[in-house]
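# Summary of the model geometry
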Amino acid sequence: MMKKKSLCASRASLVLFLCQMISSLDVPLDLSQPPTITQQSPKDYIVDPRENIVIQCEAKGKPPPSFSWTRNGTHFDIDKDAQVTMKPNSGTLVINIMNGGKAEAYEGVYQCTARNERGAAISNNIVIRPSRSPLWTKEKLEPNHVREGDSLVLHCRPPVGLPPPIIFWMDNAFQRLPQSERVSQGLNGDLYFSNVQPEDTREDYICYARFNHTQTIQQKQPISVKVFSTKPVTERQPVLLTPTGSTSTKVELRGNVLLLECIAAGLPTPVIRWIKEGGELPANRTFFENFKKTLKITDVSEADSGNYKCIARNTLGSAHHVISVTVKAAPYWITAPRNLVLSPGEHGNLICRANGNPKPDISWLANGVPIAIAPEDPSRKVDGDTIIFSHVQERSSAVYQCNASNEYGYLLANAFVNVLAEPPRILTPANKLYQVIADSPALLDCAYFGSPKPEIEWFKGVKGSILRGNEYVFHDNGTLEIPVAQKDSTGTYTCVARNELGKTQNEVQLEVKDPTMIIKQPEYKVIQRYGQVSFECIIKHDSTLSPTVIWLKDNDELPDDERFLVGKDNLTIMNVTDKDDGTYTCIVNTTLDSVSASAVLTVVAAPPTPAIIYARPNPPFDLELTGQLERSIELSWIPGDENNSPITSFVIEYEDGLHEPGVWHYQTEVPGTQTTVQLKLSPYVNYSFRVIAVNEIGRSQPSEPSEQYLTKSASPDENPSNVQGIGSEPDNLVITWESLKGFQSNGPGLQYKVSWRQKDVDDEWTSVIVANVSKYIVSGTPTFVPYEIKVQALNDLGYAPEPSVVIGHSGEDLPMVAPGNVQVFVINSTLAKVHWDPVPLKTVRGHLQGYKVYYWKVQSLSRRSRRHVEKKILTFRGNKTVGMLPGLEPYSSYKLNVRVVNGKGEGPASPDKLFRTPEGVPGSPSFLKITNPTLDSLTLEWGSPTHPNGVLTSYILKFQPINNTHELGPLVEIRIPANESSLILKNLNYSTRYKFYFNAQTSVGSGNQITEEAVTIMDEAGILRPAVGAGKVQPLYPRIRNVTTAAAETYANISWEYEGPDHANFYVEYGVAGSKEDWKKEIVNGSRSFFVLKGLTPGTTYKVRVGAEGLSGFRSSEDVFETGPAMASRQVDIATQGWFIGLMCAVALLILILLIVCFIRRNKGGKYPVKEKEDAHADPEIQPMKEDDGTFGEYSDAEDHKPLKKGSRTPSDRTVKKEDSDDSLVDYGEGVNGQFNEDGSFIGQYSGKKEKEPAEGNESSEAPSPVNAMNSFV
C-alpha cells in the first residue's frame, strides 16, 4: 500500500492562506500614513509587585508617531515621576519598582495614544493591578471526629488573592493526598468525603494555595480527622453536598469554559451522571473531570444555555440537582473596521459590526475623541455602525476608533483613512522561483500597492497573451493560482499593475517537477525464527530533487540493533526473532513531496532441530604479561571453548602475594570479544592475574595464574579516611582514623603524621609521627574546645598529598548550671506542661543533647498514705525549653526538676518544683460483694476505689431484673453517700435474677462501673415462705401478684406471689387465648405458690390466672404464654420406651450366653485371661470406692470432674472479677444448670442437672429442684 502527500496539499488550506493575506492592504512604510498600534499590554494586566512594571505600547506610522499616556482618565506626566521612563522610539512605559517604587502606587487604568500629523491611534484601557498573595488568617481548628460511613467536608477557605490561587491538598511529607470517587476536591478548594473510612484517620490534611504571579505557596494549618467505627455501618442513599437545594443558576460568558459541579454523600459511594434536559451534551466540547463530578464544556455559546441535571445514584436510591445555565456574551466582532486607503475624490466605508448578549452599543471616535465633538469633516457621514466617506481629500486622513460595549466588556478597534495619490508598485521580489509537483496547485504572488487601487493582470511569457479562463484563479491580493499545475505550466509569468497614475510589472518563474513514486514496494513476508528477511523499496523521482529514505517499524524508529541493515533500496533483518514481528514502512521525502509504502512481517517458529547442549565456557589459558610499566601492564589470553553459548565477558582478578597471599580480588571486566586488556597497577604489590570467562550459562573455572610481577615502591597516593577527634576525658583529645590497606601503603615503612591545633586561635600546628596504628591521644587539652585535625600517611619513600582538615572537639565534662525559671502549667488531671529557660551554651561543656525532666509523685491528696517514691524521667532532645508530662495521677502532689544533658552526662538539677493535679473521675470500686440472699432482699458490700482520683461525693447503684429470656426489666437508680460501704436492698421479687451496676463519683463526674448479678431465694420443695406480715405491715386485703409462666412444648410452670391470710387454698384457671370457651380449673395441692399445667397443645397461646378458694372474686390479673412448637423428633424418657426395654433384655441374654460359654471352656481346661486384661486396662470410670471421698467405684459422673466453665458460676463470696463477665445461659439459670427443651425454650429454672458448689459447714448449698418437689406432690 502506498500513500502520496504533496506539500501543497489541499485547496482548502490555500483559501485560508489567501484570506489571511487579503485581510488588509498594508501601506509601505516609506509612504505617509496615520499611526497603527502594533503591540499593547492586555486589558487586565496583573503585575508582579517585586518587579518593574512594563506597560507596552508600540506603533508604526509615517512620520513616526509620538506617544502620550493617560492614567485614570487624566494626562499622565511621566517627566514628573522619576520612577517612570519611556523607551526610546516607543511608547512603552517602564515603572521602576526594584529601586524603591511601590507597585500599589501605580495601580490604575492606563491608555496610550500614538499621534502624528495624519491622526491619532489609541490603545485599550489597560488596568494595572499588582498581584497579591496574602497569608492565611489564623484560626483554631478543632479535630474532626466522624463516624465511619458519614460524609465530611474539610474547608480550605484560601485567602483572597489576585489572581485567585490554585488550591491543592497535601500531607506533611508534601505528597498529594490521593483522590477518588469517594474523596475529591471541589472547585472551591474544599475536600469532600462522600463517606469516611477508618483509613481516612490522619492529622495532616493540609490545604495549600499557590499564587503563580508571585511564585509563592501559602499553607493552611493541618486539619485532623479521626474516624471512629460503629458496627454495623449504616448505608445511606445519596445526598448532595454541593450544590445545595434542588435547583441553582449559573451565568457564563460566550467562549469561556463552563464548569458545573455536583458532589454527593452516601454509602456506598454514589456515582454521578450528567444530562441536559431537552437536549444533548455537545459532542466534541464535553469533558468529565474529577471522577465525573465536574462537567466541563469548552468554548460555550448561546446554544449551550439550558437546564443541566446531575444525578447521584447508589444501590439505595438517587438524588439530583438542576443547574439553569445562561450564556451571556461580551461583545465580539462580526465585521471589524479595516484600514481604508483612498485617493483624493474617491468614496469608501468603515464598517463596525459586533454582537453580544445583551447587544452591545456602538460608538465612534476620531483620533481618540468622540466623533460628536471631533472637528467636522464634510467628507464623512456617520450612519450607526458605518461611516460613509465621499469625495475625500488629503485632510480627510485620520484614525477612527470603534467601541462596542455591554455590561460584560468592550471591544476597541483602530482603523485609519489614509488619502494618498500613489502610482502602482509591486512588492514581490523580481524573478522569484516557485517549484511545485505536477498535479498540485501552484500559487504565484504579486503583492502590490497604489492609490487609487491598481488593477492586476497576468501574462505567460514575455510576449504572451493575458491569462483568462477557468484554469486560473485570480485573487484580490494579486496572487495567481493554477489549481492543477502540469509539466507544460513551467515557464515565466508576468504580473502587471496599473492605475490612473501609472503602471509597473514583475516576472516570476514556475517549475513543475515529476512526482516521487515507489515503483517496487515492500511485500508481506513470513519468515522462520532466526532466519533472514529483506524488504525492497525502489523509487523513481524527478532528477532535480534529492530524495531521502526512512524506514519505520510500527510507525516508530527502527530498533537500535546491528541486525537491521538499511541499504540503498532495501531493509535487511538478520537472525530474526519474535520481537521483529510487525509493520515496516518505507518513507521517501523530497523538498516538495512525500510518499510511503508498508508491509507486514510475520515470524513463525523454526522447524525442530537436534537438541544443543549448552554449558559454561572452558577456562581461558596461556596468560601472558607484556608492556610492563611502573603503574600499568598488558595482559593477554586465549579463550577456552564457549560450549555453544557465546562468551559475553571476561573477568580479571589479581592476587597480592606480598600483603594478602591466597586472596583473589576483582580487578576489571571486559567484553567477550576482547582478549587483551591494559591493567592499572599500584606500587609495592606483587601481582598475579587470572581470567574467568562468562556466558549466559554461567562462569568458567578460573584460568591458571599468570606469572608474578612486583611493582616498584612509591610514596602513598592517599591519606587515611574517616578521621575524627572526640575526647574521652575532659582534658584530652582522641584522634582516630581508618588505616590504609596493605597495597595502599605503596611501599615499606608505613606511618602517619598526626597534626592538631586549637580552632579559631592563632596557634601553630603540633605534629607527631606514629607507627601504623589508628589512634592517638592528645592530653592536657581544655574542656570541650574545637580542634583542627589532619592525618597524613607516609612511608620510606615520602609523604602522601596534603590531607584535608577535619574539626574535632576535646573531651566533654558534666554541665555546670541547672536550667532556671522552671514553671509548671497543669493542663488537666493527667497532663502537665513544664517550661524552663535554656542554660548558656558555655556552661554545657559539651554537645548539648537535650534536657531531662525528673518527676515523681509526693502523695495522693485523697489518701494520706505515702508509697515508695518512683521517679520518672522524660528526655527532650535538642535545645527544647518546653515539654509535656503525660500519665499523671489526678488529685496528687508532684515534684519535678530539670537537668541539662551533654555527651558526658547530666548537669545539676534545678530546685524541685511542687505542683498539684486537679480532681478526676474515680476508678471503679475495688470490689462488689452480694451476700445474704433472702426471698425479697440482698445485701451489697463494696470497697472504695483503689484510685479515687479526688474526694468521693457518692456512689451510684443501678439494678434491674433479668427474666428467663435474658430480657432486662426496668432500671432503678439509687445514690448512696460516700461514707457507706454496704446496703440492704429490700422488697425484691423472690427467685429473680438481678443485674447490678455500681460506680463511684467525684465532683468531676462518674468513674467506671463494675457489674454483678445475684438471685433472690426461691421457695422450693414444699418449704413454706415466711409469713407475709413478719417484719412488715400486714396488708389490708389479700392479693396475688407477679404471676409468671415458663412454657415448654406440652406443659407450663406457673408461679405467683401471695399476700394475705395464711393457709389459703389456690387454684389455677387457664384456657386458649381469644377463645370463648369456659376457663379450665386446676386445684393446687396445699398452699404452694407454683403449679405445673400438663397436656397442653404445642404452639398454642394460652391465658392463665390464679385464684384463692373461699375468697369470692379474689383472683390475680391474667397472664398470657405460648407453648413451644411440636418437633419432628420428641425428646422422651428413654427408660420408659418398649423398644429400649427389649434391647436391654437382648443384651442381657447375650451376656448370659457368653458367661456360660466361658464357664464351659474353663471346665475343659482352657485359659481365658480376662482378669489380666482387666487389670492391665482398668476403666477409669470403674474403680473401687475411695475411702477419702466416699464415692463409689461403680459409677462416677464425668461432669463432676470437669472444671466449671469460665463465668458459669458466681464465686461463693460474690466478689466481682473483671474476667467473670461471661453472658452464659448458666448465669441466668437461677442457681442450677439451664437446659433447653426440644423447641429451644429455656426451662432451666424448673429442670436440669445439679451442680456442685462449695459447701458451708456440713450442709449443702444446693437447693432441691422444683420439678422433683412438684413430682413429690403430684
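Residues numbered from 1 in each chain as written. Predicted model: local features only at pLDDT ≥ 70, side-chain atom pairs only at ≥ 80, totals over all residues. Heavy atoms only, no water.

## Observations concerning the overall build of the protein
If you tally the helices and strands in the protein, you get 5 helices and 93 strands. When contacts within the protein are restricted to residue pairs at least 6 apart in sequence, long-range pairs at least 24 apart make up 65% of them. For the protein, the exposed area adds up to about 69,600 Å²; of that, 51% sits on carbon and sulfur atoms. (Helix = DSSP H or I, 4+ residues; strand = E, 2+ residues; numbered from the N terminus. Contact = heavy atoms within 4.5 Å. Areas by Shrake-Rupley, 256 points an atom, 1.4 Å probe, with all protein chains shown as cover.)

## Considering the sheet that holds strand 46 (residues 491–499)
With mixed pairing, 4 strands are arranged side by side in an open sheet as 40-47-46-43. Of all strands in the sheet, those with a lone pairing partner are strand 40 (432–437) and strand 43 (455–460), marking the two edges. With direction set aside, neighbouring strand axes in the sheet form an average angle of 25°. (Pairing = 2+ DSSP bridges. Axes fitted to C-alpha atoms, helices over the stretch in contact; angles between N-to-C directions.)

## Topic: the state of the cysteines
Under the criterion given, the structure shown has 6 disulfides. Here Cys262 connects covalently by a disulfide to Cys310, the sulfurs 1.9 Å from one another. Here the S-S torsion is close to -65°, and the disulfide linking Cys262 with Cys310 is therefore left-handed. Here Cys310 lies in strand 28 (residues 306–314) and Cys262 lies in the loop between strand 23 (258–261) and strand 24 (263–267), a separation of 48 residues in the sequence. The disulfide that involves Cys352 links it to Cys402, with 1.7 Å between the sulfurs. Looking down the S-S bond of the Cys352 and Cys402 bridge, the torsion is -65°, so its handedness is left-handed. Of the two residues, Cys352 sits in the loop between strand 31 (348–351) and strand 32 (353–357) while Cys402 sits in strand 37 (residues 398–406), which places them 50 residues apart along the sequence. Both residues of the pair, Cys352 and Cys402, count as buried. (Disulfide = S-S within 2.5 Å. Buried < 20%, exposed > 50% of the residue type's maximum accessible area, 1.4 Å probe, protein only.)

## What to know about a nonpolar patch on the surface
Judged by side-chain polarity, Leu1149, Leu1150, Leu1152, Ile1153, Ile1156, Val1157, Phe1159 and Ile1160 come together as a nonpolar surface patch covering roughly 770 Å² of accessible area. Note that Phe1159 resides in helix 3 (residues 1138–1163). (Patch = residues over 30% accessible without salt bridge, like charges linked within 9 Å, V, L, I, M, F, W, Y side chains within 5 Å. Salt bridge = Lys/Arg side-chain N within 4 Å of Asp/Glu carboxyl O.)

## Digging into the pairing of strand 61 (residues 660–671)
Two elements, strand 60 (residues 649–656) and strand 61, share 8 bridges in a ladder whose sense is antiparallel. Across the sheet, residue Val651 finds its bridge partner in strand 61, namely Glu669.

## Considering the sheet that holds strand 4 (residues 53–55)
Taken in spatial order, the 3 strands line up as 4-9-8 in an open sheet, and their pairing is antiparallel. Two strands close off the open sheet at either side, each with one partner strand: strand 4 and strand 8 (84–86). The mean inter-strand angle of the sheet, taken between neighbouring strand axes irrespective of direction, is 20°. As judged from the 3 bridges shared by strand 4 and strand 9 (residues 93–95), these two strands associate in the antiparallel manner. Within strand 9, the residue paired with Val54 across the bridge is Val94.

## Concerning the nonpolar core
Counting 30 residues, the largest nonpolar core has Ile53, Ile55, Trp69, Ile95, Tyr110 and Ile128 as the members making the most contacts within it. When residues of this core are traced back to their parent elements, those giving at least two are strand 3 (44–47), strand 4, strand 5 (57–62), strand 6 (66–71), strand 9, strand 10 (108–116) and strand 12 (126–130). Ranked by residues supplied to this core, first place goes to strand 10 with 3 residues. Residues contacting Tyr110, with those up to four places away along its chain left out, are Ile55, Trp69, Thr70, Arg71, Phe76, Ile95, Asn124, Asn125, Ile126 and Ile128. (Core = buried A, V, L, I, M, F, W, Y, C linked by side-chain atoms within 4.5 Å.)

## Brief notes about the packing of aromatic side chains
Summed over all chains, the structure comprises 23 aromatic pairs. Ring centres of Phe535 and Tyr584 lie 5.4 Å apart, and the angle between their planes is 25°; this geometry places the pair in the stacked category. Here Phe535, found in strand 50 (residues 533–536), pairs with Tyr584, found in strand 56 (residues 582–589); they are 49 residues apart in sequence, far enough to count as distant. Assessed through its relative accessible area of 0%, Phe535 is described here as buried. (Phe/Tyr/Trp six-rings, centres within 6.5 Å; stacked < 30°, edge-to-face > 60°.)

## Here's the deal with the environment of Ser728
Relative to the helices and strands, Ser728 resides in the loop between strand 65 (721–726) and strand 66 (732–738). Note on Ser728: relative accessible area 44%, which makes it partly exposed. Taking the C-alpha atoms as reference points, Ser728 and Ile777, separated by 49 residues in sequence, lie 9.2 Å from one another. Not counting the four nearest positions on each side in its chain, Ser728 is found in contact with Val734, Gly811 and Lys904. Reaching out from Ser728, the side chain makes a polar contact with the side chain of Asn732 at a distance of 2.9 Å. (Polar contact = N/O pair within 3.5 Å; in protein donor to acceptor, adjacent residues only side chain to side chain.)

## Some words on the side chain of Glu252
Inspection of the secondary structure puts Glu252 in strand 22 (residues 247–253). Of the side chains bearing the opposite charge, Lys250 lies closest to the buried Glu252, which forms no salt bridge; the N-O distance is 4.2 Å. A polar contact is formed between the side chain of Glu252 and the side chain of Asn256, at a distance of 3.2 Å. Ignoring anything within four residues of it in the chain, the contact list for Glu252 reads Val257, Leu258, Val300, Thr326, Val327 and Lys328. (Lys, Arg positive; Asp, Glu negative; His and termini not counted.)

## Here's the deal with a negative patch on the surface
Among the surface-exposed residues, Asp622, Glu624, Glu634 and Glu707 lie close enough to one another that they form a single negatively charged patch. Along the chain, Asp622 turns up in strand 58 (residues 621–626). (Charge placed at Lys NZ, Arg CZ, Asp CG, Glu CD.)

## Some words on unusual backbone geometry
Cis geometry marks the peptide bond from Lys231 to Pro232, where omega comes out at -5°. Positionally, Pro232 belongs in the loop between strand 20 (223–228) and strand 21 (236–242). In this structure, Asn431 takes a positive phi of about 55° despite not being glycine. Relative to the helices and strands, Asn431 is located in the loop between strand 39 (422–426) and strand 40. For Asn431, a relative accessible area of 48% puts it in the partly exposed group. With a phi angle near 45°, Phe784 is a residue other than glycine that sits in the positive phi range. Within the secondary structure layout, Phe784 lies in the loop between strand 69 (775–779) and strand 70 (786–795).

## Side note on the pattern of salt bridges
Under the counting rule described, the total for this entry stands at 38 salt bridges. Ionic pairing is found between Glu802 and Lys790, a salt bridge with its closest N-O pair at 2.8 Å. With a gap of 12 residues between them, Glu802 in the loop between strand 71 (798–799) and strand 72 (806–809) and Lys790 in strand 70 connect regions that are remote in the sequence. The class of Lys790 is buried, set by a relative accessible area of 15%. Connected through shared salt-bridge partners, Asp171, Arg202 and Asp204 make up one network.

## What about the environment of Gly811?
Mapped onto the fold, Gly811 is located in the loop between strand 72 and strand 73 (820–828). Separated by 35 residues in the primary sequence, Gly811 and Gly846 place their C-alpha atoms 7.6 Å from one another. With near-sequence residues (within four places) excluded, Gly811 lies in contact with Gly727, Ser728, Glu729, Pro730, Asn732, Thr783 and Phe784.

## Regarding the environment of Ala121
Among the structural elements, Ala121 can be located in strand 11 (residues 119–122). Beyond its immediate sequence surroundings of up to four residues, Ala121 is in contact with Pro35, Ile37, Cys112, Thr113, Ala114, Val399, Gln401 and Asn414.

## Some words on the confidence of the model for the protein
Caution applies to low-pLDDT regions: their predicted coordinates should not be interpreted in detail. Looking at the protein as a whole, the pLDDT averages 84, with 85% of positions reaching at least 70. Counting contacts from residues 1020–1037, a segment whose pLDDT is below 50, to residues more than four positions away or on other chains yields 23 contacts. Between residues 1128–1132, whose pLDDT stays under 50, and residues either more than four places distant or in other chains, the model counts 8 contacts. (pLDDT = per-residue confidence, 0-100.)

## Points about the side chain of Ser636
By the element assignment, Ser636 lies in strand 59 (residues 632–638). Aside from chain neighbours lying at most four places away, what touches Ser636 is Asp622, Leu623, Glu624, Thr675 and Thr676.

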